[in-house]
Amino acid sequence: MTASTPPIGAPNDDVSATAAHSATGGLVKSVVALDRVVIRLAGDSGDGMQLTGNRFTSETAAFGNDLSTLPNFPAEIRAPTGTLPGVSSFQLHFADHDIMTPGDAPDVLVAMNPAALKSNLSDLPGGGLLILDSDEFTPRNLAKVGYATNPLDDGSLQAWQTVPVPLTSMTLDALADSGLGKKEAERSKNMFTLGLLSWMYHRPTEGTIRFLERTFRRKPEIAAANIAAFRAGYNYGDTTEAFAVSYEIKPAPMAAGTYRNISGNQALALGIVAAGQRSGLPIFLGAYPITPASDILHELSKHKAFGIRTFQAEDEIAGIGAALGASFGGALGVTTTSGPGVALKAETIGLAVMTELPLLIVDVQRGGPSTGLPTKTEQSDLLQAMFGRNGEAPLPVIAPRSPGDCFDAAIEAVRIALTYRTPVMLLSDGYLANGAEPWAVPETASLPDLTGTVGFATGPNAASTDGTPEFHPYQRDPETLARAWAVPGTAGLQHRIGGLEKADGNGNISYDPANHDFMVRTRQAKIDGIAASIGPTDVEDPDGDATVAVIGWGSTYGPIGAACRRIRASGRKIAQIHLRHINPFPADLGEVLARYDRVVCPEMNLGQLALLLRAKFLVDVQSHTQVSGMPFRSAELAAVIQDAIDTTSTPAVPAGAAANGALQ
Amino acid sequence: MTTLDAHVHDLGMPGNPISTAVADSVALAGEKKTDLKAKDLKTDQEVRWCPGCGDYVILNAVQSFLPSLGIAREDMVIVSGIGCSSRFPYYMNTYGMHSIHGRAPAIATGLAASRPDLSVWVVTGDGDSLSIGGNHLIHALRRNVNMTILLFNNRIYGLTKGQYSPTSEVGKVTKSTPMGSIDAPFNPISLALGADATFVGRAMDSDRKGLTDVLRQAAEHQGTSLVEIYQNCNIFNDGAFELLKDPHTGTQWSIPLEQGKPLVFGPEGAACVVKDDFGGLRIAETNQVDADDIVVHDATRENPAYAFALSRLSSQDLRYTPMGVFRSVSKPTYDGMMTEQLDTAKVQQTADLNALLGGGETWTVGD
């Protein structure tokens, strides 16, 4: 520790005064300005927390705050009501400035029942605002989760600003004349809660009212009840003495443009549509439903007008098989899945490597191994993506860094697949897939033009020994090493491909030892050569002289970035490298890493990227890992990075330099 | 489907299932030649099946009959899995993919569904399609994707050198079953009919006329056709179908299926097929039943129960084996319906990428 270095804590991301929530005490409602707030809504799976969270997110996006979300829900569709396994939550971080994560810990926790309180309270820092549905704290519900006494009465919640609100009974009162039965009316309590929060944080309400009218247009009485509950919640906030303060978080400055709120799966699907349009190839998606990737299948199924064919296959293997068959026919084959599905697809991916056809494989990673944690996030499929096949079967691996970035990553993956005639693995994860952020809608014309990457063969490209023109399917482009792609229907170019080793050039079956050695090396060289098209390593080091670098990939970009801001705010220096391309790495990555005294690599696995970096560059990477199914907290990462910085001593004369000097 | 189709055509937007990129490159390659000869379908690859293998006969039959379909060879694609039969694509001068074990129907589904202009064929064996690829086979059949599946059934694993297969008879002694196999075999025809396959036929490798006849009907059928071809493996299961091939016993135990004709067979037509008391079929002696009670073969019956009952007449040792077309019914094809949905979507919405990206709730930040 250097004594002069100030402690971490800065006016930046993830660091804001929750004390701003303390009530002013007067009956006159006051408005407090905040720079950022993290709200967590927690309730039973049946309470509609995800819907409530998404609506609050939409209101917040429309208001112009920057935001980041973290939905967290059980794999069970509906666990028994009121139990701990049935708790579903939604965390939203919104601010008047650019933020990178959904927040380490909530400032506000809304708990719709005792189970939600029990499973979330430990995350709420002392002094945080705790809003509870007091109607749900019945002896029966308390017993379900093992509360011996009622936390509302036993003094155990004194460390927080606890506000019990009879959300259920007030919703029922508000809907007394709606004609709905008690059970149905009760369902609107999430909208009552949303109304209260909308008042508390000055959210616009028109969007939610329009949404409810649209969603229930065939059931006007339900629409009316939900709108009534929403308004009642808003008015309750406005008039009750329980909440004396409301909060204002000004819009965040953003670059000019049109924005929408987008989740990673949505962005990925739109990226695939865009890649199809920009390449001129029809998209064929072969997929089998799997959490958390199914939303990509759902989204693409809506866009048939763009010529997109979606095929819900009988299994994961058929999903990729059909996609590869479509690629053979001149479509852009795509398959979307999660880790267990990738395991099943492995043999077909090998066939795609051998047949050298373009194919996009999307792995929305989740907790593993085996069925693991279907609804939680993890980055543990990297080595599966890299090496999970028999034989030497290299393929490009790329990863998006944020929900909106899934759009660009999809287009980049397609560029590589088409240019190099190769399967490409795109590694998203559950956090990116379900998380959302504001996304600047791009102009179509500004997107990469991929038409030049297609280039179907239309005539012979070689000659037989007697000079007859022939088509050789494994004749390669000298620059990219991509093989010629002739689609069925093209006269004179009939050829056969398959999983057996191919002779260089003519593509006939070959068991020749020298040919096999050559082809194995050529397939590897083709993938390695992609590095020439991806540009140098992007290093974010505002000071330019950091001695410690932190390197990551995929969805850890937000937490790592937020941690770097804290580090810099504390007066330390840190370089951040975040990889989009993991295979191949940027050509200069080894040199870049060698510049730093220490390289820290946080990952949501047991050190898979660290393993690759060590193997490839002989860099003594310091691996920092977490496999909890949840994203990193930036404060924890900041502590790790700070420790790395503070314990890295830079000798005045590096050992290597001294040795060299002695030799001269 | 007809209504939907008519609707699309009324609006003057007939479905064009092929992408512009593919259509352009196909056009650049020049004119299609459809008056082919058998030799036009041969490749320069040396055929590497064992001498005497039934696969040679099937290859010759296919190469001889395919030109009569009037399809250009570049419009034909043969997809295979793994096994002896799956080497087939290498010997056909068409487009082809020798894929991985059991997956050919899945790969062919993607190809046929995205390129309805092609004639897609799957060549597979009993191990490939009924063991490792059983799932893909039944799903292809129920979907009715437009393709023709040739299932070479030799009732043995040949390429892995002689283990019993899912069609081997119970008690089969092989390297992996020295005391005899103990699992009951699939009847591929029954299996296909259980999946509601729209075209199901059976033929013998050495019966050029019968094989060609079934293949032609299968190729002309719209939807998934399955043709089980009894194929002799002279190395590991020689004589498996001798009972049916032998001129004397063959007549006795084969039941030729001829559309519109009474199911009478055996020497001098001594045996016939009649209804049993339980909704199925049974064998009877022709001179013991009324002529009106003899079942008249009709492969176009909508209910697959009749064809299924036919498939159940044969026993594991191949006595009473119906040969020919069991079922041939017309249903909408998967690829056809997929294309119609795309056409309908194109009428209902404009494919405007800017509108799509900027869809939903948006807000604008000024300079």
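Quick notes on the rules
- Residues numbered from 1 in each chain as written.
- Chains lettered and ligands numbered in written order.
- Predicted model: local features only at pLDDT ≥ 70, side-chain atom pairs only at ≥ 80, totals over all residues.
- Heavy atoms only, no water.
- Helix = DSSP H or I, 4+ residues; strand = E, 2+ residues; numbered from the N terminus.
- Contact = heavy atoms within 4.5 Å.
- Areas by Shrake-Rupley, 256 points an atom, 1.4 Å probe, with all protein chains shown as cover.
- Lys, Arg positive; Asp, Glu negative; His and termini not counted.
- Charge placed at Lys NZ, Arg CZ, Asp CG, Glu CD.
- pLDDT = per-residue confidence, 0-100.
- Buried < 20%, exposed > 50% of the residue type's maximum accessible area, 1.4 Å probe, protein only.
- Core = buried A, V, L, I, M, F, W, Y, C linked by side-chain atoms within 4.5 Å.
- Domains from an automatic or database assignment.
- Salt bridge = Lys/Arg side-chain N within 4 Å of Asp/Glu carboxyl O.
- Buried area = accessible area lost by both parts, 1.4 Å probe.
- Polar contact = N/O pair within 3.5 Å; in protein donor to acceptor, adjacent residues only side chain to side chain.
- Pairing = 2+ DSSP bridges.
- Phe/Tyr/Trp six-rings, centres within 6.5 Å; stacked < 30°, edge-to-face > 60°.
- Patch = residues over 30% accessible without salt bridge, like charges linked within 9 Å, V, L, I, M, F, W, Y side chains within 5 Å.

Caption draft 1: Molecular detail of the overall build of chain B. Scanning chain B from terminus to terminus reveals 13 helices and 12 strands. By sequence separation, contacts in chain B at least 24 residues apart represent 67% of the contacts at least 6 residues apart. In the structure as shown, chain B presents an accessible area of about 15700 Å², 52% of it carried by carbon and sulfur atoms. For chain B, the centre of its 30 positive side-chain charges and the centre of its 42 negative side-chain charges are spaced 6 Å apart.

Caption draft 2: The confidence of the model for chain A, seen in detail. In this model, chain A carries an average pLDDT of 92, and 93% of its residues clear a pLDDT of 70 or more. Predicted confidence is poor over residues 1-26 of chain A, with pLDDT under 50, and the contacts of this stretch with residues over four places away or in other chains come to 59 contacts.

Caption draft 3: Examining helix H4 (residues 104-114) of chain B more closely. Extensive coverage of H4 of chain B is indicated by the burial of 11 of its 11 residues. Of all the positions in H4 of chain B, only Ala104, Pro105, Ala106, Ile107, Ala108, Thr109, Gly110, Leu111, Ala112, Ala113 and Ser114 of chain B are classed as buried.

Caption draft 4: Summary view of the nonpolar core. All names here are of chain A. Among the nonpolar cores identified, the biggest contains 158 residues, and Ile551, Ile582 and Leu609 are the most heavily contacted of them. Of the domains in this structure, domain 2 (260-453) and domain 3 (539-647) are the two that each give at least three residues to this core. Look past the residues within four positions of Ile551 in its chain and what remains in contact with it is Ile577, Leu579, Leu589, Leu593, Val599, Val600, Cys601, Pro602, Leu609 and Leu613.

Caption draft 5: Seen up close, the pattern of salt bridges. One pass over the full model with this rule turns up 33 salt bridges over all chains. With a shortest N-O distance of 2.8 Å, Glu412 of chain A and Arg415 of chain A are connected by a salt bridge. Within this pair, Glu412 of chain A and its partner Arg415 of chain A are both found in helix H14 (residues 405-420), separated by three residues, close to a single helical turn. Side by side, Glu412 of chain A and Arg415 of chain A carry an identical accessibility label, which is buried. Ionic pairing is found between Lys33 of chain B and Asp40 of chain B, a salt bridge with its closest N-O pair at 3.6 Å. Residues participating in the shared-partner salt-bridge network are Arg40, Asp123, Arg633 and Glu636 of chain A.

Caption draft 6: Summary view of the interface of chain B and chain A. Counting from both sides, the interface comprises 69 residues of chain B and, opposite them, 77 residues of chain A. Between chain B and chain A the total buried area reaches about 6000 Å² when both faces are included, carbon and sulfur atoms providing 61% of it. Looking only at chain B, the three residues that lose the most surface to chain A are Tyr95, Leu357 and Trp363 of chain B, adding up to 15% of its buried area. Between Arg143 of chain B and Glu314 of chain A there is a salt bridge whose closest N-O contact spans 2.7 Å. Across the chain B-chain A interface, the total number found is 27 residue pairs in polar contact (both at pLDDT 80 or more). When residues of the side of chain B that touches chain A are traced back to their parent elements, those giving at least two are helix H2 (20-28), strand E2 (95-98), H4, helix H6 (134-143), helix H12 (334-348), helix H13 (353-357) and strand E12 (362-365) of chain B. Note: strand E9 (residues 257-263) of chain A against E12 of chain B, four bridges, orientation antiparallel. Looking at E12 of chain B, one finds that Arg260 of chain A is bridged to Thr362 of chain B.

Caption draft 7: Representation of the domain arrangement of chain A in the model. Residue and element names in this part refer to chain A. Entries for chain A in the domain assignment read domain 1 (35-249), domain 2 (260-453) and domain 3 (539-647). Summarising the inter-unit geometry, the C-alpha centres of domain 1 and domain 2 are found 35 Å apart. Each side of the interface is counted separately: domain 1 has 16 residues, and domain 2 has 10 residues. Surface buried jointly by domain 1 and domain 2 totals about 910 Å² across both partners, of which 58% is contributed by carbon and sulfur atoms. Here domain 1 is connected to domain 2 by zero salt bridges. Our enumeration of links across domain 1 and domain 2 arrives at three residue pairs in polar contact (both at pLDDT 80 or more).

Caption draft 8: Structural detail: the packing of aromatic side chains. Residues and elements named next belong to chain A. Applying the stated criterion to the full structure yields 19 aromatic pairs over all chains. Their ring planes at 40 degrees and their centres at 5.6 Å tell us that Phe585 and Phe617 sit as a pair that is tilted. Taken together, the residues Phe585 in the loop between strand E23 (581-583) and helix H18 (589-594) and Phe617 in helix H19 (residues 608-617) connect sequence positions 32 residues apart. The class of Phe617 is partly exposed, set by a relative accessible area of 21%.

Caption draft 9: The arrangement of the sheet that holds strand E11 (residues 309-312) of chain A in detail. All names here are of chain A. Strand order in the open sheet made by the seven strands is E11-E10-E12-E13-E15-E14-E23, with mixed pairing throughout. Sheet topology places E11 and E23 at the edges, where each strand pairs with a single neighbour. Alignment of strand E14 (residues 397-398) against E23, held across two bridges, turns out to be antiparallel. Among the inter-strand pairings, Ile398 is bridged to a residue of E23, identified as His581.

Caption draft 10: Here's a closer look at a positive patch on the surface. Together, Arg78, Lys183, Arg187 and Lys219 of chain A give the surface a local cluster of positive charge. Relative to the elements of secondary structure, Arg78 of chain A occurs in the loop between strand E3 (66-72) and strand E4 (87-95).

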